[in-house]
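# Per-entry structural report
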Amino acid sequence: NGEVMAIIGFFPLWEGVAEVFAVPSKNIEHKTGYVFHVRSEIERIMFDHDLRRVQTNSIDDPKTNRWMELLGFHKEGRLKQYSKDKDDYIAWARFA
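Anyway, here's the lowdown on the structure attached to this text.

The rules behind each value
- Residues numbered from 1 in each chain as written.
- Predicted model: local features only at pLDDT ≥ 70, side-chain atom pairs only at ≥ 80, totals over all residues.
- Heavy atoms only, no water.
- Helix = DSSP H or I, 4+ residues; strand = E, 2+ residues; numbered from the N terminus.
- Buried < 20%, exposed > 50% of the residue type's maximum accessible area, 1.4 Å probe, protein only.
- Polar contact = N/O pair within 3.5 Å; in protein donor to acceptor, adjacent residues only side chain to side chain.
- Contact = heavy atoms within 4.5 Å.
- Arc of directions from axis to C-beta.
- Lys, Arg positive; Asp, Glu negative; His and termini not counted.
- Salt bridge = Lys/Arg side-chain N within 4 Å of Asp/Glu carboxyl O.
- Pairing = 2+ DSSP bridges.
- Core = buried A, V, L, I, M, F, W, Y, C linked by side-chain atoms within 4.5 Å.
- Axes fitted to C-alpha atoms, helices over the stretch in contact; angles between N-to-C directions.

## Observations concerning the side chain of Arg53
Structurally, Arg53 can be placed in strand 3 (residues 53-59). Classification of Arg53 as buried rests on a relative accessible area of 19%. Within the structure, the side chain of Arg53 is placed 2.6 Å from the side chain of Glu76, a separation counted as a polar contact. Not counting chain neighbours up to four residues away, the residues in contact with Arg53 comprise Gly16, Val17, Ala18, Met46, Glu76, Ala93, Arg94 and Phe95.

Here you go:
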């Protein structure tokens, strides 16, 4: 329908490794399609930029953890008191 679904980006850390992020729209109607598009975009970024690893972090809650798994990320560990409010976050990575 021509609306923005998400803003997706990355920044290189060193050769073959980058941090990725996705900021979803609040107006997403079809979550399955959204997961497919974000996952495809991450795969394109990895291929186009010859990345062997992309990583990110997120809040630790069941909905977000499921979302990260659907995007193909693997849980790597807990970031204790990571946020300004001292909330724990989860470190995630995905490999080529």
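## Details of helix 2 (residues 62-70)
Of all the residues in helix 2, the buried ones are Thr64, Asn65 and Met68. Projected onto a plane normal to the axis of helix 2, the buried residues spread over an arc of 100° and lie on a single side. Seen from the buried face of helix 2, the exposed residues on the opposite side, beyond 90 degrees, are Pro62 and Lys63. Each element contacted by the buried residues of helix 2 is listed here: strand 3, strand 4 (74-79) and strand 5 (89-95). Here helix 2 starts with a cap whose side-chain oxygen sits 3.1 Å from the backbone nitrogen of Lys63, and that cap is Asp61.

## Describing the side chain of Glu19
With respect to the helices and strands, Glu19 occurs in strand 2 (residues 17-24). Although Glu19 is buried, it makes no salt bridge; Arg53 carries the closest opposite charge, 7.5 Å away. Not counting residues within four places of it along the chain, the set of residues in contact with Glu19 comprises Gly9, Phe10, Phe11, Leu13, Gln55, Thr56 and Asn57.

## What to know about the pairing of strand 3
When you tally the buried positions in strand 3, you get five out of seven residues, the bulk of the element. Here strand 2 pairs with strand 3 via three bridges, running parallel. What sits directly across from Glu19, in strand 3, is Gln55. Note that strand 3 and strand 5 share seven bridges and pair antiparallel. Bridge pairing in strand 5 links Arg53 to Phe95.

## Some details on the nonpolar core
In this structure, Ile42, Leu51, Val54 and Phe73 are the most contacted members of the largest nonpolar core, which totals 15 residues. Sorting the residues of this core by element identifies strand 2, helix 1 (31-48) and strand 5 as the ones contributing at least two each. At six residues, the largest contribution of residues to this core is made by helix 1. Residues in contact with Ile42, not counting those within four places in the same chain, are Val54, Phe73 and Arg94.

## Here we look at the sheet that holds strand 3
With mixed pairing, five strands are arranged side by side in an open sheet as 1-2-3-5-4. Pairing within the sheet leaves two strands with one partner each, and these edge strands are strand 1 (6-14) and strand 4. Pairwise comparison of adjacent strand axes, ignoring direction, gives a mean angle of 30° for this sheet. Looking at chain direction, strand 1 and strand 2 are connected through eight bridges and run antiparallel. The residue bridging Pro12 from the neighbouring strand is Ala18, located in strand 2. The sheet contacts of helix 2 involve strand 3, strand 4 and strand 5, and relative to strand 3 the element is tilted by about 165°.

Shape is all these values report; function is a separate question.
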